[in-house]
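Geometric and topological summary
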2 protein chains.
Amino acid sequence: MTLDDLTTPCLVLDLGLLRKNLAMMEAAVARHPGVVLRPHLKTAKSIEVAALAAPGHGPITVSTLAEAEAFWGAGYRDQIYAVGITPQKLDRLAALPGVKAITDDLATAQAIAAHPGAIQALVEVDVGEHRGGLRPDDEGLLAIAAALGPKLAGVITHAGHSYAGRTNAEMADIAETERAGITRAAERLRAAGHSVGIVSMGSSPTALYARSLEGVTEVRAGVYMFGDLFQAQIGTHAEADIAMTVLTSVIGRRAGTLLLDAGAMALSKDRSTAAPGIRDDGFGLVLDLDGQPSFGRVVVERAYQEHGVATGAPDLPVGARVRVQPNHTCMTAGAHERYFVVDGGREVIGTWARVNGW
Amino acid sequence: MTLDDLTTPCLVLDLGLLRKNLAMMEAAVARHPGVVLRPHLKTAKSIEVAALAAPGHGPITVSTLAEAEAFWGAGYRDQIYAVGITPQKLDRLAALPGVKAITDDLATAQAIAAHPGAIQALVEVDVGEHRGGLRPDDEGLLAIAAALGPKLAGVITHAGHSYAGRTNAEMADIAETERAGITRAAERLRAAGHSVGIVSMGSSPTALYARSLEGVTEVRAGVYMFGDLFQAQIGTHAEADIAMTVLTSVIGRRAGTLLLDAGAMALSKDRSTAAPGIRDDGFGLVLDLDGQPSFGRVVVERAYQEHGVATGAPDLPVGARVRVQPNHTCMTAGAHERYFVVDGGREVIGTWARVNGW
């Protein structure tokens, strides 16, 4: 089976590029002896990718309980479910020993403590993204840790605002703020007598560019596995190393315009590259069937549910196949149920399922 | 089972509102005697919704071959697959007699003619959206019709630019342009000796507001079944009649802000209400668990993969449940595998599967 035999649209994952991306992040984290990489599977959502990114059933991060269950079933017992837990979800979590929750809420911490299951939880800390978490100096941290008692597993933060960085130096500065904040939180809990085993931070930019990870036990990152145009624009991923593309067929043609069967459902409506200070790549960049940018910069400018409109395109016949690099790989993959795996060529060497839903 | 028992995030579909929306569109089309409503299942992607929207296995429209196969298997034999076909997809289509293709491409029309299957196809006409289709006066129309020969089933257009209309009068004007264009194309083909059985146009706005459908045999519309905030803003759907919402749990709280477990994956990154001339409802509008706007206008302002940030929100505890009206219902539903059906209350009276993928 080759790329010519597949039903379009579908996802193509290049194994060689995936391995290269994994090695790059492993090397970046290896600069910090003793710090563990805990890959985030929210992007890949694949057992086979996990086997490469976290060999030997190493520690992983997940974004849904559906992922937690699938990876737990595949042997991954050291997981962090990195989205704030609710009391109602504790029974489901308790069936997965080793999958750790996170919380920044006292009542939830009390519910965890009162739950009969062997649940462990990390306290979520906010180092500037202002999404979830308490500030490192917030009094509430101590109250939550005290409520968790022996179920406290550590502290965790995510400097999502690192994606606003436009230079390596800016991202390194944000990483240092992240490190300082999470270690400050850990120190405060330890000073209050708590055991803080895990001190977890991370995003792909801060994992790549942190100058120091002193006091941190692990970093989390996910999008580096595949990369995307946004990561390429902010300098955290080489455009040529984007491992996941959308295979699509030409379904219409006009002068300078191709209509593709990859629309908003297959590409997502994500417009990350519309962010300030970077080049706008629309809904994706059109490559040839071999994944090469032989057309120049042909961009999907409009996306209807099942139609993508690429402008500045060469005149290809209806039925011709091209590949689209994603704007934001996590979102683009969302509506797809599997990856068709290639290794540099057009031959499909595997079909890997995704764990979608919740 | 009630809404309190469901895993969040998930889709909630209100049967009473769905029925009301279906009746509204049926009444709008009934203003035009002899014109058939061919509901588009691209939004609902559900056998159970099709049974209500197209009772008696009436004519339907689909957006993927996966939908075509599922609905064909459920007994729907009169379908239009309303996305330009490619030669490679003809074998799959030929296994579904009665599912009609569309094309605006001569080589594809020739491939259809040469295919051994009993495939029927409509010629796609562009009445101003400039997505797919040939202009009504394009010479190519005649060539494609001639190539299709006895496999010509009719002509089809979609005035997607009707969504740029901001008043009923504007949408009625666009509907008239659509009607004039598609009937002009039909007349030209008939004058050349072709039999043109189907003259198909439609979008929810033009189906609702067309002054005349003279010469048109059918209208297609889909989003009216559920509605969304964008449709409400442009005046084609009452906000209180939006039938599909996302059930979500509070997973964090700050002053004036709620963190929800419905993020970009559960809500989509669609930002239709960011269009000019209407009110921006962010990534969705937060209702209470009963689907009522009792919080005032609380909007999901930011959407991360699994986190939504709602501002201006009341102080609800972690674990509390709310419902979010979607910005663009077709896209919001995309990552979900099923609907949990209610009928005005919190009791779940059914679970209806969606036909996702391609």
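Keep in mind it's a predicted model, so treat the numbers as computed, not measured.

Thoughts on the domain arrangement of chain A
All names here are of chain A. Split into domains, chain A comes out as domain 1 (3–12 + 230–353) and domain 2 (16–227). The C-alpha-based centres of domain 1 and domain 2 are spaced at 31 Å. Every contact between the two is made by 22 residues of domain 1 and, on the other side, 28 residues of domain 2. There are 1 salt bridge connecting domain 1 and domain 2. Note that D241 and K20 form a salt bridge whose closest N and O atoms lie 3.0 Å from each other. Summed over the shared surface of domain 1 and domain 2, the result is 9 residue pairs in polar contact (both at pLDDT 80 or more). Among the secondary structure elements, those contributing two or more residues to the side of domain 1 that touches domain 2 are α9 (229–233), α11 (329–332) and β17 (350–353). For the side of domain 1 that touches domain 2, the class distribution of residues is 14 nonpolar, 6 polar and 2 charged.

Structural notes on the sheet that holds strand β2 (residues 36–39) of chain B
All names here are of chain B. Pairing is parallel across the open sheet formed by 8 strands, whose spatial order is β2-β9-β8-β7-β6-β5-β4-β3. Two strands bound the open sheet, and with one partner strand each, they are β2 and β3 (60–62). Each strand axis lies, on average, 30° off the axis of its neighbour in the sheet, ignoring direction. As judged from the 4 bridges shared by β2 and strand β9 (residues 218–221), these two strands associate in the parallel manner. For L37, the partnering residue across the bridge sits in β9 and is V219. Packing against the sheet, helix α6 (residues 140–148) makes contact with β5 (99–103), β6 (121–125) and β7 (152–157), and its axis sits at approximately 175° to β6.

A word on the packing of aromatic side chains
In this description, an aromatic ring pair is defined by two values, namely the gap between the centres and the angle between the planes. Scanning the model with the defined rule gives 6 aromatic pairs over all chains in all. Between F71 of chain A and Y76 of chain A, the aromatic rings sit 6.1 Å apart at their centres with planes inclined by 85°, giving edge-to-face as the arrangement. What makes F71 of chain A buried here is its relative accessible area of 0%. Assessed through its relative accessible area of 3%, Y76 of chain A is described here as buried. Measuring from ring centre to ring centre gives 5.5 Å for F226 of chain B and Y339 of chain B, while their planes differ by 75°; the resulting arrangement is edge-to-face.

Comments concerning the relation of the copies chain B and chain A
The two copies are related by a screw operation: chain B maps onto chain A through 180° of rotation and 0.0 Å of translation along the axis, at an RMSD of 0.0 Å. What the superposition gives is, in effect, a two-fold axis relating one chain to the other. Most of the interface of chain B is mirrored in chain A, where 100% of its interface residues are also at the interface.

Brief notes about the interface of chain B and chain A
Across the boundary between the two partners, chain B contributes 55 residues, which contact 55 residues of chain A. Between chain B and chain A, roughly 4500 Å² of surface is buried when both sides are summed, and carbon and sulfur atoms account for 54% of that area. When the area that chain B buries against chain A is broken down by residue, the three leading residues are R131, R254 and W358 of chain B, summing to 18%. At the boundary of chain B and chain A, one finds 8 salt bridges. For the pair chain B and chain A, the number of links is 18 residue pairs in polar contact (both at pLDDT 80 or more). Counting residues per element, the side of chain B that touches chain A draws most heavily on strand β10 (residues 244–254) of chain B, at 6 residues.

Let's talk about the side chain of Q325 of chain B
All names here are of chain B. By the secondary structure assignment, Q325 is in strand β15 (residues 321–325). From its side chain, Q325 meets the backbone oxygen of E239 in a polar contact 2.9 Å long. Each residue touching Q325, except ones within four places of it in the same chain, is listed here: L229, E239, I242, T245, G284, L285 and L287.

Notes on the UniProt feature "domain: D-serine dehydratase-like" (unreviewed entry) in chain A
Mapped onto this structure's residue numbering, the UniProt feature "domain: D-serine dehydratase-like" (unreviewed entry) falls at residues 243–343 of chain A. Each end of residues 243–343 of chain A is marked by a C-alpha atom, and these two atoms are 10 Å apart; helix forms 8% of the span and strand 37%.

Regarding the side chain of E124 of chain A
Residue and element names in this part refer to chain A. Relative to the helices and strands, E124 resides in strand β6 (residues 121–125). Buried charge without a salt bridge: E124, with R131 as the nearest opposite-charge side chain at an N-O distance of 5.2 Å. Each residue touching E124, except ones within four places of it in the same chain, is listed here: I102, T103, D104, G132, G133, L134, L141 and I156.

Structural notes on the sheet that holds strand β7 (residues 152–157) of chain A
All names here are of chain A. Across the sheet, 8 strands lie side by side as β2-β9-β8-β7-β6-β5-β4-β3; this open sheet has parallel pairing. In the strand order of this sheet, the two ends are held by β2 (36–39) and β3 (60–62), each with one partner. Across this sheet, the average inter-strand angle for adjacent strands is 30°, counted without regard to direction. In terms of strand pairing, β3 meets strand β4 (residues 79–81) through 3 bridges, oriented parallel. Pairing of I60 across the sheet is with Q79, part of β4. The sheet contacts of helix α6 (residues 140–148) involve β5 (99–103), β6 and β7, and relative to β6 the element is tilted by about 175°.

Quick look at empty space enclosed by the protein
Evaluation of the coordinates by the stated rule reveals 7 cavities of 30 Å³ or more. There is about 140 Å³ of room inside the largest cavity. S268, M331 and A335 of chain A together with S268 and M331 of chain B are, among the 14 residues lining the largest cavity, the residues nearest its centre. Of all the elements in the fold, those that place two or more residues in the lining of the largest cavity are α10 (264–267) of chain A together with α10 (264–267) of chain B.

Considerations on the pattern of salt bridges
All names here are of chain A. Across all of its chains, the model carries 46 salt bridges over all chains by this definition. Across the salt bridge formed by K45 and E67, the nearest N and O atoms sit 2.8 Å from each other. Here K45 is found in the loop between β2 and α2 (47–53), whereas its partner E67 is found in helix α3 (residues 65–73), with 22 residues between them in sequence. What makes K45 buried here is its relative accessible area of 1%.

With respect to helix α1 (residues 15–30) of chain A
Helix length check: α1 of chain A (16 residues) gives 22 Å between terminal C-alpha atoms against 22 Å at 1.5 Å per residue, within 8%. Regarding α1 of chain A, its N-cap is D14 of chain A, as a side-chain oxygen of that residue lies 3.0 Å from the backbone nitrogen of G16 of chain A further along.

Digging into the state of the cysteines
Residues and elements named next belong to chain A. Counting across every chain of the model gives 0 disulfides over all chains. With no disulfide partner, C10 has as its closest neighbouring cysteine sulfur the one in C330, 19 Å distant. Residue C10 is classed as buried on the basis of its relative accessible area of 5%.

Quick notes on the pairing of strand β8 (residues 198–201) of chain B
In summary, the side chains of a regular strand alternate between the two faces of the sheet. Residue and element names in this part refer to chain B. Side chains I198 and S200 of β8 all project onto a buried face; the interleaved residues V199 and M201 project onto the opposite face, where all are buried too. As defined by bridge partners, β7 adjoins β8 across 3 bridges and the pair is classed as parallel. The residue of β8 that forms the bridge with G154 is I198. Assessed by its sense of winding, the connection that carries the chain from β7 through helix α7 (residues 168–191) to β8 is right-handed. Pairing between β8 and β9: 2 bridges, direction parallel. When the sheet's bridge partners are listed, M201 is paired in β9 with V219.

Criteria and cut-off values
Residues numbered from 1 in each chain as written. Chains lettered and ligands numbered in written order. Predicted model: local features only at pLDDT ≥ 70, side-chain atom pairs only at ≥ 80, totals over all residues. Heavy atoms only, no water. Domains from an automatic or database assignment. Contact = heavy atoms within 4.5 Å. Salt bridge = Lys/Arg side-chain N within 4 Å of Asp/Glu carboxyl O. Polar contact = N/O pair within 3.5 Å; in protein donor to acceptor, adjacent residues only side chain to side chain. Helix = DSSP H or I, 4+ residues; strand = E, 2+ residues; numbered from the N terminus. Nonpolar A, V, L, I, M, F, W, Y, C, P; charged D, E, K, R; others polar. Pairing = 2+ DSSP bridges. Axes fitted to C-alpha atoms, helices over the stretch in contact; angles between N-to-C directions. Phe/Tyr/Trp six-rings, centres within 6.5 Å; stacked < 30°, edge-to-face > 60°. Buried < 20%, exposed > 50% of the residue type's maximum accessible area, 1.4 Å probe, protein only. Least-squares fit on C-alpha atoms with pLDDT ≥ 70 in both. Buried area = accessible area lost by both parts, 1.4 Å probe. UniProt positions renumbered as here; feature names shortened; annotations may be inferred. Lys, Arg positive; Asp, Glu negative; His and termini not counted. 1 Å grid on protein atoms, 1.4 Å probe; cavity = no way out; pocket = protein on both sides within 12 Å on 5 of 7 lines; lining within 4 Å. Points joined across faces, edges and corners; volume = space filled by probe spheres on them. Expected span 1.5 Å × (residues − 1). Disulfide = S-S within 2.5 Å. Right-handed = clockwise from strand over helix to strand, strands pointing away.

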